[in-house]
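Here is what each chain is made of, one letter per residue.
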Amino acid sequence: QARVLVRPLPHAPDSFCPLLHSAPTMEAPRQMSEIPCCTCGKLVAPNDRGQCIDCIRAEVDLTAGIPRTVALDRCSVCGAWHRNPQWVTMPLESPQLLSLCLKRTKGLSGPVEGVENATVKLSDASWIWTEPHSKRLKVKITVRSDLMSGMALEQQCVVEYVLHGGQCTACERAAAQQTWR
């Protein structure tokens, strides 16, 4: 005949025993609630403006501070470009000329108009082909801004550079020596 020993529990029956009670259940991760966009009604994650990215894109113009035409000086005789204070020779549509054009363009960095705590930054720039004799250069510029809580907005614009003819200092000297005294 087998004997069963019953030992008393080391704690009082009304206290909590982790072995007798099941472990607390883990809560499921909470999903972020969605709110309707204040403009179009589409459900979006809550953000500072309460709008979806499409409505923000329609209202905010990152390219508003960028001029659409910029003047560049080029020597009519030798083809050198004026990079203050000197004249430099660069081929058309070269990376060096693109750098000169972008330095002359204002508004490629700085605050975004109409949006708090947002700054615009140059993201990309590329040449758009134009006729060599047109005295115009075109650059497609892409600017980017991180607006709020992980939302980024990119917009593109085309800036036209108008070439103004003139003479560099070396060509001026050469032309001045051939005048009558």
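Note that the structure is a prediction, hence the values are computed from the model and not measured.

*Asks:* Can you lay out the nonpolar core for me, pointing to particular residues and giving the numbers?
*Replies:* Ranked by internal contacts, the top residues of the largest apolar core, which has 32 residues, are Trp81, Leu97, Leu137, Ile141 and Tyr161. Those elements that place two or more of their residues in this core are strand S3 (69-75), helix H2 (95-104), strand S7 (119-128), strand S8 (136-148) and strand S9 (151-166). By residue number, the principal contributor to this core is S9, which donates six residues. Residue contacts for Leu137: discarding those within four places in its chain leaves Leu72, Trp81, Leu92, Leu97, Trp127, Thr130, Val159, Glu160, Tyr161 and Leu163.

*Asks:* Would you mind going over unusual backbone geometry in detail, with residue names and values included?
*Replies:* For the bond running from Asn84 to Pro85, omega is 5°, close enough to zero to count as cis. With phi around 55°, Glu93 is a residue other than glycine that occupies positive phi space. Structurally, Glu93 can be placed in the loop between strand S5 (86-88) and H2. The partly exposed category is assigned to Glu93, whose relative accessible area is 34%. The phi angle at Lys135 is positive, at roughly 55°, despite the residue not being glycine. For Lys135, a relative accessible area of 47% translates into the label partly exposed.

*Asks:* Provide a residue-level description of the environment of Ile66, including the pertinent values.
*Replies:* Mapped onto the secondary structure, Ile66 falls in the loop between helix H1 (53-59) and S3. In this structure Ile66 comes out as buried when scored by relative accessible area, which is 4%. For the pair Ile66 and Ile141, spaced 75 residues apart in the sequence, the C-alpha separation amounts to 9.7 Å.

The rules behind these values
Residues numbered from 1 in each chain as written. Predicted model: local features only at pLDDT ≥ 70, side-chain atom pairs only at ≥ 80, totals over all residues. Heavy atoms only, no water. Core = buried A, V, L, I, M, F, W, Y, C linked by side-chain atoms within 4.5 Å. Buried < 20%, exposed > 50% of the residue type's maximum accessible area, 1.4 Å probe, protein only. Helix = DSSP H or I, 4+ residues; strand = E, 2+ residues; numbered from the N terminus. Contact = heavy atoms within 4.5 Å.

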